[in-house]
Amino acid sequence: MKITLLIYAALVYQGAFEYKTGDPDSLFPHQSAIHDFSSPAVMLNPALLPFADGFIANSNAGRPYSNELLTTTGLALQYGSGDFGIQSSWNSFGSDFYKENTFSLSAGYSVFSFLNAGITGNIHWLKIKIEDIYQDEQIPEAGFGILLAPLPWINAAFHQTGIVALAGKQNSEIIYPERSAGILFKPGKGFSLAWNVTETAALYANTFSAVINPAPFFSVKGGYCRENSSFSAAMGILAKDFYISYGLKFHPYLGYTHSIGITYAPESKIESLDYGKPMFRSVHKKVNINTAPFDDIKSIDGLSLRSAERIILFREKIGPITEKGLMQIGLTGDEIKNLEKNVYGLERTSRSKDGNKKFTFKKKKFIKIPPRNERIKSKFRELIDMGIPASKAINYSELSENVKRDEFLSTLFNDNSFSDEQKKIIEKVCSK
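Let us look at the structure shown here. (Residues numbered from 1 in each chain as written. Predicted model: local features only at pLDDT ≥ 70, side-chain atom pairs only at ≥ 80, totals over all residues. Heavy atoms only, no water.)

## Re the pattern of salt bridges
Phase 1 of the analysis: Taken as a whole and assessed by the stated rule, the structure comprises 11 salt bridges.
Phase 2 of the analysis: Linking Lys-298 and Asp-295 is a salt bridge whose minimum nitrogen-to-oxygen distance equals 3.6 Å. With a gap of three residues between them, Lys-298 and Asp-295 both fall in helix 3 (residues 294-298), about one helical turn apart.
Phase 3 of the analysis: Judged by relative accessible area, Lys-298 falls into the partly exposed class, the value being 39%. (Salt bridge = Lys/Arg side-chain N within 4 Å of Asp/Glu carboxyl O. Helix = DSSP H or I, 4+ residues; strand = E, 2+ residues; numbered from the N terminus. Buried < 20%, exposed > 50% of the residue type's maximum accessible area, 1.4 Å probe, protein only.)

The following block contains the structure:
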């Protein structure tokens with residue numbers, strides 16, 4: 001095997017930097033345009049970065065083809081917010097006398113709700129040192145990716161690498177400009193199928209993969225490459241803030257490849273199967289709960305139309321949505337759990353409390369008669385704290401500012417949904 005590597009290192013023809021990553025969840029050692037991201041994943045296509053679930057830090061290592069002379073190692077830092085994402089990574093492949101190092105910086109942006117785009121900048125460092133052969137070369141490169149989501153349950157993507165070599169033919173004898181295209185089909189929550197076609201230096205590779213997540217802490221993946229009849233599988237377990245994965249690849253001529261990965265993912269969750277609930281699961285990006293339009297809010301999985309209306313009303317009358325605010329407007333525990341998986345920008349309760357105290361103090365100290373909108377907000381907050389349901393609190397806090405006192409009291413005391421004690425509370429608060 002050492003002789004084979006020596007010849008390979010001496011020739012340095014197209015095919016260097018073809019082994020892309022040692023991360024178990026990548027399944028195949030070459031580029032893929034699309035892949036499942038229902039568990040914490042290092043994105044291979046920069047256009048997928050907006051889908052990244054918050055911050056993750058990944059490290060991985062592997063033994064390609066069970067060869068004692070070959071190792072693969074990788075590190076990655078990644079962040080995604082729903083609208084954009086960024087990633088920095090380092091991948092290494094080879095041995096002590098032949099080494100490929102790739103340093104990458106990638107960014108992705110959601111141009112439209114159905115279109116993402118991303119770019120990647122790379123530094124490829126090739127180092128060969130054996131007997132009378134020595135080469136030490138650093139090669140800058142770039143790539144780009146595009147992702148389309150025409151329907152909630154299907155994604156299509158394209159990824160081009162080596163565009164400098166492709167455009168100017170520089171270093172084309174070392175860097176082969178790979179391109180790949182793929183489709184991800186998601187028939188239900190926690191289950192996906194993908195097909196990728198990749199043009200490598202040696203051949204066109206058709207790869208097929210399937211992912212199933214039987215539990216919120218467990219993921220299983222499998223794949224097959226038609227051209228070389230190779231198989232791959234990976235499994236991952238989410239334990240608190242850490243996702244631990246193991247991968248096994250089999251090539252009929254080269255043998256087995258073992259790899260392991262550890263990912264620190266404090267905000268990530270595994271999207272698991274919904275047993276007994278066949279449904280299409282949207283794979284669109286997360287939305288900002290404090291700025292997203294009503295149509296985006298009401299389309300969130302597991303959220304009722306009435307709850308979506310309450311969220312919008314809370315935003316308009318009170319301000320940014322807080323954790324406590326979700327409970328105050330009557331969302332169920334399951335709705336809150338599903339909401340947290342599909343939105344970002346939720347204000348922390350402690351910050352909201354501090355903000356309210358400071359705001360109230362300023363109004364009392366510097367403004368003797370607050371504006372009408374502020375009076376409505378103040379009454380609404382006080383009614384909520386006194387145990388009045390959110391929908392009623394909003395109605396009566398507005399009514400008290402829009403009609404005469406007699407009409408207000410008549411409406412209140414004819415409302416049979418309140419007890420006498422609750423009516424007294426509303427009268428007292430709204431008469432201020």
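## Structural notes on the packing of helix 10 (residues 405-413) against helix 11 (residues 420-430)
Phase 1 of the analysis: Following both chains from N to C, one finds helix 10 and helix 11 inclined at 160°, their axes separated by 10 Å at the closest point. Classified by the interaxial angle, the pair formed by helix 10 and helix 11 is roughly antiparallel. In this structure, helix 10 meets helix 11 at a crossing whose hand is right-handed. Each of Arg-405, Phe-408, Leu-409, Leu-412 and Phe-413 in helix 10 lies in contact with helix 11, whose residues at this interface are Lys-423, Ile-426, Glu-427 and Cys-430.
Phase 2 of the analysis: For the contact of helix 10 with helix 11, the per-class residue count stands at six nonpolar, no polar and three charged. (Axes fitted to C-alpha atoms, helices over the stretch in contact; angles between N-to-C directions. Parallel < 35°, antiparallel > 145°, perpendicular 65-115°, else oblique. Left-handed = near helix turned anticlockwise from the far one by under 90°. Contact = heavy atoms within 4.5 Å. Nonpolar A, V, L, I, M, F, W, Y, C, P; charged D, E, K, R; others polar.)

## Re helix 9 (residues 390-402)
Phase 1 of the analysis: Here helix 9 is 13 residues long and its end C-alpha atoms lie 19 Å apart, about the 18 Å a rise of 1.5 Å per residue gives.
Phase 2 of the analysis: Buried positions along helix 9 lie against helix 4 (305-317), helix 5 (323-328), helix 8 (372-385), helix 10 and helix 11. (Expected span 1.5 Å × (residues − 1).)

## Concerning the packing of aromatic side chains
Phase 1 of the analysis: Following the criterion strictly, the structure yields 14 aromatic pairs and no others.
Phase 2 of the analysis: Residues Phe-144 and Phe-158 carry aromatic rings whose centres are separated by 6.0 Å and whose planes lie at 50° to one another, so their mutual orientation is tilted. One end of the pair, Phe-144, is in strand 6 (residues 133-151); the other, Phe-158, is in strand 7 (residues 154-161), and 14 residues separate them in sequence.
Phase 3 of the analysis: Take Phe-144: its relative accessible area is 30%, and that puts it in the partly exposed class.
Phase 4 of the analysis: A relative accessible area of 29% means that Phe-158 is categorised as partly exposed.
Phase 5 of the analysis: Measuring from centroid to centroid gives 6.4 Å for Phe-314 and Phe-380, while their planes differ by 80°, and the two rings are edge-to-face. Taken as a pair, Phe-314 in helix 4 and Phe-380 in helix 8 lie far apart in primary sequence, 66 residues in all. Phe-380 shares its class with Phe-314; the two are buried. (Phe/Tyr/Trp six-rings, centres within 6.5 Å; stacked < 30°, edge-to-face > 60°.)

## What to know about the pairing of strand 2 (residues 71-80)
Phase 1 of the analysis: Alternating positions in strand 2 separate cleanly, Thr-72, Gly-74, Ala-76, Gln-78 and Gly-80 being buried on one face and Thr-71, Thr-73, Leu-75, Leu-77 and Tyr-79 remaining unburied on the opposite face.
Phase 2 of the analysis: As judged from the nine bridges shared by strand 1 (residues 54-63) and strand 2, these two strands associate in the antiparallel manner. Counterpart to Ile-56 in the pairing with strand 2 is Gln-78.
Phase 3 of the analysis: The sheet contact formed by strand 2 and strand 3 (residues 84-94) spans 10 bridges and is antiparallel. Looking at strand 3, one finds that Ala-76 is bridged to Ser-89.
Phase 4 of the analysis: The turn linking strand 2 back onto strand 3 is made up of three residues, and Gly-82 within it adopts a positive phi angle of 105°. (Pairing = 2+ DSSP bridges.)

By themselves these figures say nothing about function.
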